[in-house]
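# Architecture at a glance
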Amino acid sequence: MEKVLWVTGGGSGMGAAAARHAAGQGWRVAISGRREDALAEVAAAITDAGGEVLTVPLDVTDPEQIKTAHEQVVQHWGRLDGLVLSAGLNSPRRAWADQDMDEFARIVDTNLLAVARVIDVSLPELRRSGGVVVIISSYAGWQVSPLAGVAYSASKTALASVAISLNKQEAEHGVRACHLCPGDVATDFLQQRPNVPDEAARAVMLTPDDVGRAVGFVLDSPSHVRIDEVVISPVAQT
Ligand SMILES: NC(=O)c1ccc[n+]([C@@H]2O[C@H](COP(=O)([O-])OP(=O)(O)OC[C@H]3O[C@@H](n4cnc5c(N)ncnc54)[C@H](OP(=O)(O)O)[C@@H]3O)[C@@H](O)[C@H]2O)c1
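Named according to an unreviewed UniProt entry, the protein is SDR family NAD(P)-dependent oxidoreductase originating from Auraticoccus cholistanensis. Regarding the protein, the relevant UniProt record gives this comment under Sequence similarities (unreviewed entry): "Belongs to the short-chain dehydrogenases/reductases (SDR) family."

### What about the overall build of the protein?
Helix and strand counts for the protein come out as eight helices and seven strands. The principal-axis extent of the C-alpha atoms belonging to the protein is close to 50 × 40 × 35 Å. A burial count over the protein gives 52% of its 238 residues as buried. Expressed as a percentage of contacts within the protein between residues at least 6 apart in sequence, the contacts between residues at least 24 apart total 70%. Of the roughly 11,100 Å² of accessible surface on the protein, 51% is carried by carbon and sulfur atoms. Averaging the locations of the 20 positively and 29 negatively charged side chains of the protein gives two centres separated by 4 Å.

### Side note on the pattern of salt bridges
Any two side chains of opposite charge can pair, so long as their charged atoms come close to each other. Scanning the model with the defined rule gives 10 salt bridges in all. In this structure, Glu64 engages Lys67 in a salt bridge whose closest nitrogen and oxygen atoms are separated by 3.4 Å. Taken together, the residues Glu64 and Lys67, both in helix H3 (residues 63-77) and three residues apart, mark about one turn of the helix. For Lys67, a relative accessible area of 41% corresponds to the partly exposed category. The salt bridge partner of Arg213 is Asp210, with a shortest N-O separation of 2.8 Å. Here Arg213 and its partner Asp210 are both found in helix H8 (residues 208-219), three residues apart, which amounts to about one turn of the helix. Residue Asp210 is classed as partly exposed on the basis of its relative accessible area of 22%.

### Comments concerning the environment of Ile135
As for its position among the elements, Ile135 is in strand S5 (residues 132-136). Note on Ile135: relative accessible area 0%, which makes it buried. As a C-alpha pair, Ile135 and Glu103 span 32 residues in sequence and 22 Å in three-dimensional space. Non-local contacts of Ile135, meaning those with residues more than four positions away in its chain, are made with Leu85, Val115, Ile119, Leu159, Val162, Ala163, Cys178, His179 and Leu180.

### A look at helix H6 (residues 150-170)
The terminal C-alpha atoms of H6 lie 30 Å apart, and with 21 residues this matches the ideal 30 Å at 1.5 Å per residue to within 8%. Here H6 has its buried residues at Ala151, Tyr152, Ser153, Ser155, Lys156, Leu159, Ala160, Val162, Ala163, Leu166, Asn167 and Glu170. Considering only its buried residues, H6 is in contact with helix H4 (101-129), S5, helix H5 (139-142) and strand S6 (176-182).

### Focus: the side chain of Thr110
Of note, Thr110 is situated in helix H4. There is a polar contact of 2.8 Å between the side chain of Thr110 and the backbone oxygen of Arg106. If we ignore the near neighbours within four places in the chain, the residues touching Thr110 are Val60, Thr61, Ala87, Gly88, Leu89 and Val115.

Calculation criteria
Residues numbered from 1 in each chain as written. Predicted model: local features only at pLDDT ≥ 70, side-chain atom pairs only at ≥ 80, totals over all residues. Heavy atoms only, no water. UniProt positions renumbered as here; feature names shortened; annotations may be inferred. Helix = DSSP H or I, 4+ residues; strand = E, 2+ residues; numbered from the N terminus. Buried < 20%, exposed > 50% of the residue type's maximum accessible area, 1.4 Å probe, protein only. Contact = heavy atoms within 4.5 Å. Areas by Shrake-Rupley, 256 points an atom, 1.4 Å probe, with all protein chains shown as cover. Lys, Arg positive; Asp, Glu negative; His and termini not counted. Charge placed at Lys NZ, Arg CZ, Asp CG, Glu CD. Salt bridge = Lys/Arg side-chain N within 4 Å of Asp/Glu carboxyl O. Expected span 1.5 Å × (residues − 1). Polar contact = N/O pair within 3.5 Å; in protein donor to acceptor, adjacent residues only side chain to side chain.

If you want it as structure tokens, here you go:
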């Protein structure tokens, strides 16, 4: 039976790369995000390469949409074996001096609450399958980084707790979680920086595929292997 993976943030960047990589390794992949055109483009690439894919548009900050999307995935394939949680948000206003608290709440909602909600709604199937959860956190989730933003750093460091608690409490069901912490990756996410990196700066960053491969390593490790945390960064990371 081919395993089923649900990827949030699957329409671009690392989520798309992880989806493509997993599909190439034989996973059936559901991809979610708000932009239907981006999802369709990734889905076409997966289908063209011979993979099986379902697009499930959703806004991860809406708990009802998460429930509906989860039902769609499970109804379509009848099982769920893995999650890659890559949907994320930051803001150029990153310091106590200039941050906006409504924006702070949206960042925490997207980066932390939505991750917990998708795991929570998926837990019954993950327990049945001995599933694996890959949380795309950040270098700023591994080491607090004020430059990454107060809300961003706080929301990403909290993801370590999400992964550790899942591992400690759900091991008896074979559920495994990985807190995956990438350094700089050349994706559209960089547009949210106060100073957007130029081409030369992007050229020495990780590519989304570098992270897609690391995610694939976690997803395809044997079921008795848990990879608690992965920190992956470009040589030039400061
Ligand atoms: N790039 C970096 O240097 C870097 C480093 C460390 C960690 N990260 C993390 O890596 C993850 C993926 O980012 P990326 O670098 O691959 O950039 P990206 O291409 O911008 O990916 C972010 C994804 O999140 C989705 N998303 C955002 N808000 C959403 C919402 N409310 N509902 C549903 N989907 C939502 C976006 O899709 P839609 O806009 O279509 O909804 C998009 O596909 C993020 O969690 C980010 O924090 C990035």
